[in-house]
Amino acid sequence: MNIQGEVAEGYEAVRDAFVRNFEVLGDRGAAVAVYRDGRRVVDLWGGTHDVDGTDPWTAGTAQVVRSATKGVAAAVPLLLHQRGLLDLDAPVGDYWPEFKAGGKEGALVRDLLAHRAGVPALDVPLTPEEAADGLSGARAVAAQRPFWEPGTEHGYHAQTFSWLLSELVLRVTGASLGSWLAQEVTGPRGLDFWIGLPQAVAETGRVGRVGAVEPPQSAGALRTRPRRNVSEAYADPDSLTRRAFAAITPLADENAPAYRAAELPASAGIGTARALAGLYASLIGDTEDGPRLFTPETTALAGTELSSGPDRVLVVNTRFGPGHMLHSPASPMLSPASFGHPGRGGSLAFADPESGIAFGYVTNALASSVTADPRAQALVRALRTAL
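This is a predicted model, so every value here is computed, not measured. (Residues numbered from 1 in each chain as written. Predicted model: local features only at pLDDT ≥ 70, side-chain atom pairs only at ≥ 80, totals over all residues. Heavy atoms only, no water.)

> How should the side chain of T61 be read in this particular structure?
Along the chain, the position of T61 falls in the loop between β3 (39-47) and β4 (63-64). Each residue touching T61, except ones within four places of it in the same chain, is listed here: H49, R206 and T272. (Helix = DSSP H or I, 4+ residues; strand = E, 2+ residues; numbered from the N terminus. Contact = heavy atoms within 4.5 Å.)

> Quick question: what am I supposed to make of the pattern of salt bridges here?
Opposite charge on two side chains makes pairing possible when the charged atoms of those side chains draw close. On inspection of all chains with the given rule, the structure shows 16 salt bridges. Here D27 ties to R375 by a salt bridge, and the two come within 3.0 Å at their closest N and O atoms. On the criterion of sequence distance, the pair formed by D27 in the loop between α1 (12-23) and β2 (29-36) and R375 in helix α15 (residues 374-385) is long-range, its members being 348 residues apart. By relative accessible area, D27 is classed as buried at 5%. If you follow the salt bridges from partner to partner, you end up with R40, D43, R274 and E288 in one network. (Salt bridge = Lys/Arg side-chain N within 4 Å of Asp/Glu carboxyl O. Buried < 20%, exposed > 50% of the residue type's maximum accessible area, 1.4 Å probe, protein only.)

> I would appreciate a short explanation of helix α6 (residues 136-143) in the present structure.
Because the α-helix completes a turn every 3.6 residues, residues three or four places apart line up on one side. Extensive coverage of α6 is indicated by the burial of six of its eight residues. Burial in α6 covers these residues: S136, G137, A138, A140, V141 and A142. Lining the buried residues of α6 we find α5 (128-132) and α7 (161-173).

> Can you walk me through the packing of aromatic side chains in this structure?
Given two aromatic rings, one states the distance between the centres and the angle between the planes to describe the pair. One pass over the full model with this rule turns up seven aromatic pairs. Seen in terms of ring centroids, Y156 and F320 are 6.2 Å apart; in terms of plane orientation they differ by 15 degrees. Their pairing is stacked. Of this pair, Y156 sits in the loop between α6 and α7 while F320 sits in strand β9 (residues 317-320), placing them 164 residues apart in sequence. Take Y156 and F320: they sit in the same class, and that class is buried. Taken together, a centroid distance of 5.6 Å and an interplanar angle of 40 degrees make the contact between Y234 and F245 tilted. (Phe/Tyr/Trp six-rings, centres within 6.5 Å; stacked < 30°, edge-to-face > 60°.)

> Can you help me understand the packing of helix α2 (residues 68-82) against helix α13 (residues 273-284) in this one?
Packed helices, taken two at a time, are described by the angle between their axes plus the distance between the axes. In contact at an axis separation of 11 Å, α2 and α13 are set at 35 degrees when each is read in the N-to-C sense. Seen from above, α2 lies across α13 with left-handed handedness. In this structure, α2 uses G71, V72 and A75 to contact α13, whose residues at the interface are L276, L279, Y280 and L283. (Axes fitted to C-alpha atoms, helices over the stretch in contact; angles between N-to-C directions. Left-handed = near helix turned anticlockwise from the far one by under 90°.)

> Just to check I follow, could you spell out the confidence of the model for the chain for this structure?
Any region with low pLDDT has predicted coordinates that should not be read closely. In this model, the chain carries an average pLDDT of 95, and 97% of its residues clear a pLDDT of 70 or more. Under a pLDDT of 50 for its full length, residues 221-225 has, in the predicted model, eleven contacts with residues more than four places off or in other chains. (pLDDT = per-residue confidence, 0-100.)

> I keep staring at the nonpolar core and nothing clicks. Help me out?
General note: in soluble globular proteins, nonpolar side chains tend to be found buried as a group. Of all hydrophobic cores here, the largest spans 72 residues; its most connected members are W96, W163, F193, F294 and F339. For this core, the element with the highest residue contribution is α13, accounting for nine residues. Once residues lying within four places of it in the same chain are set aside, the contact partners of F294 are A75, L78, L79, Q82, S282, L283, T299 and A302. Counting 43 residues, the second largest nonpolar core, distinct from the first, contains V19, Y156, Y361 and V380. (Core = buried A, V, L, I, M, F, W, Y, C linked by side-chain atoms within 4.5 Å.)

> What's the story with the pairing of strand β8 (residues 307-310) in this structure? I'm lost.
In summary, the side chains of a regular strand alternate between the two faces of the sheet. Bridge count between β8 and β9: four bridges; the pairing is antiparallel. By the bridge assignment, P310 is partnered in β9 with N317. Connecting β8 to the next strand, β9, in antiparallel fashion are six residues, including V315 with a positive phi near 60 degrees. (Pairing = 2+ DSSP bridges.)

> What exactly am I supposed to notice about the sheet that holds β4 here?
Within a sheet, neighbouring strands are paired by backbone hydrogen bonds and run either parallel or antiparallel to one another. Pairing is antiparallel across the open sheet formed by three strands, whose spatial order is β4-β7-β5. Of all strands in the sheet, those with a lone pairing partner are β4 and β5 (193-194), marking the two edges. In the sheet, β4 pairs with strand β7 (residues 270-271) via two bridges, with the strands oriented antiparallel. Looking across to β7, one finds that Q63 is bridged to G271.

> How do you make sense of the packing of α6 against α7 when you look at a structure like this?
It is the contact of α6 with α7, at a shortest axis distance of 9 Å, that shows an interaxial angle of 100 degrees. With respect to α7, the axis of α6 lies roughly perpendicular. Judged by residue contacts, G137, A138 and V141 of α6 engage W163, L164 and E167 from α7. Broken down by class, the residue content of the contact of α6 with α7 amounts to four nonpolar, one polar and one charged. (Parallel < 35°, antiparallel > 145°, perpendicular 65-115°, else oblique. Nonpolar A, V, L, I, M, F, W, Y, C, P; charged D, E, K, R; others polar.)

> What should I look at first to understand the side chain of R375 in this one?
With relative accessibility at 3%, the residue R375 sits in the buried group. For R375, the side chain forms a polar contact with the side chain of D27, separated by 3.0 Å. Leaving out residues up to four positions away in the same chain, R375 has contacts with N21, L25, D27, G345, G346, Y361, T363, A365 and A367. (Polar contact = N/O pair within 3.5 Å; in protein donor to acceptor, adjacent residues only side chain to side chain.)

> Looking at this structure, I do not really get unusual backbone geometry. What am I missing?
Among all residues save glycine, negative phi is the norm, and among peptide bonds the norm is trans. Each neighbour pair has its own omega, and for T249 with P250 the value is 0 degrees, a cis peptide bond. Mapping P250 onto the fold places it in the loop between α11 (240-245) and α12 (257-261). We note that H115 has phi near 60 degrees; this positive angle belongs to a residue other than glycine. Tracing the chain through its elements places H115 in the loop between α4 (109-113) and α5.

> Is there a simple way to explain the environment of L86 in this structure?
Position of L86 relative to the elements: it lies in the loop between α2 and α3 (92-95). The exposure class assigned to L86 is buried, which follows from its relative accessible area of 4%. A C-alpha to C-alpha distance of 7.2 Å links L86 and V172, two positions 86 residues apart in sequence. Residues in contact with L86, not counting those within four places in the same chain, are P77, L80, H81, Y95, V109, L168 and V172.

Quick look at the structure:
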């Protein structure tokens, strides 16, 4: 495997793990980047631009990162809170009156961010076209009766998080979440990450094709093997698990131009590993890309646990802060202080304030993992040995 890029002295184990991901764990095309104390110390890529192609992955190749998008999007409401524009303890209905319908008048902004709003699924799923039109999703979640009293339990809002967060940001700022992110966060730092891929970027051909793959036999014990109750929940069409992931039905084509252009902050972000790591680095300190985004107080808030224990949707114990997933056995990151988000199928990005580490991994080979992909975890374990 021809791996490109560089690692700083002391981080060679990350390169070795990255190579092994291709040789043993079935990666087709991928990139990994790590910042430490604001400086990039790992920047590697290899394999093919498309999961089913032969053209090489390059330094600028970007990919759909699925739910790793949620962690990037979560920076927006936290920055609005930091600027005094959004009160996490206010009812969502104060900003979005229509959301009070169906018994959700008690849902707080922090409940929405921490997957406690009670609307992880829809009684009537949206088509891919409706999901992307900027109107239907917000109307659907506003009208939806909650599956539990908001604030009393938590369950992963796999798809509905897109419309919940987008509409909240729109009501507060008057701008779409993707445009606000580009103007205030990624654009000024030159970070190649988009929620709503601009046509000009799409035309460059930099975004590769993603696709589902099966872990090879060589993966051995590292192949993903969910517990029986988890498998049963995904297999049952009436379970809240299946209904949450099926809030968009049929499944959208993640390689379609219309899907890539849609502003879906739960699932359709597109970017590079370098951009993911660079963004998270800016949440915990100054970086070579620019000054820190979060104050120390907001950094601490991002890692504050708001939800923990049995997840009504993922059927495992999970931990969430205000928008970010937190380190747990179900979603291991670097340490208990880490906050970030995995993407179903492989991608992972997070920050670890205690060590000054920010991490980003992107792949075009989407495996069956939901929160703890073996390839991402192999890189995290290797990184841990370098600290």
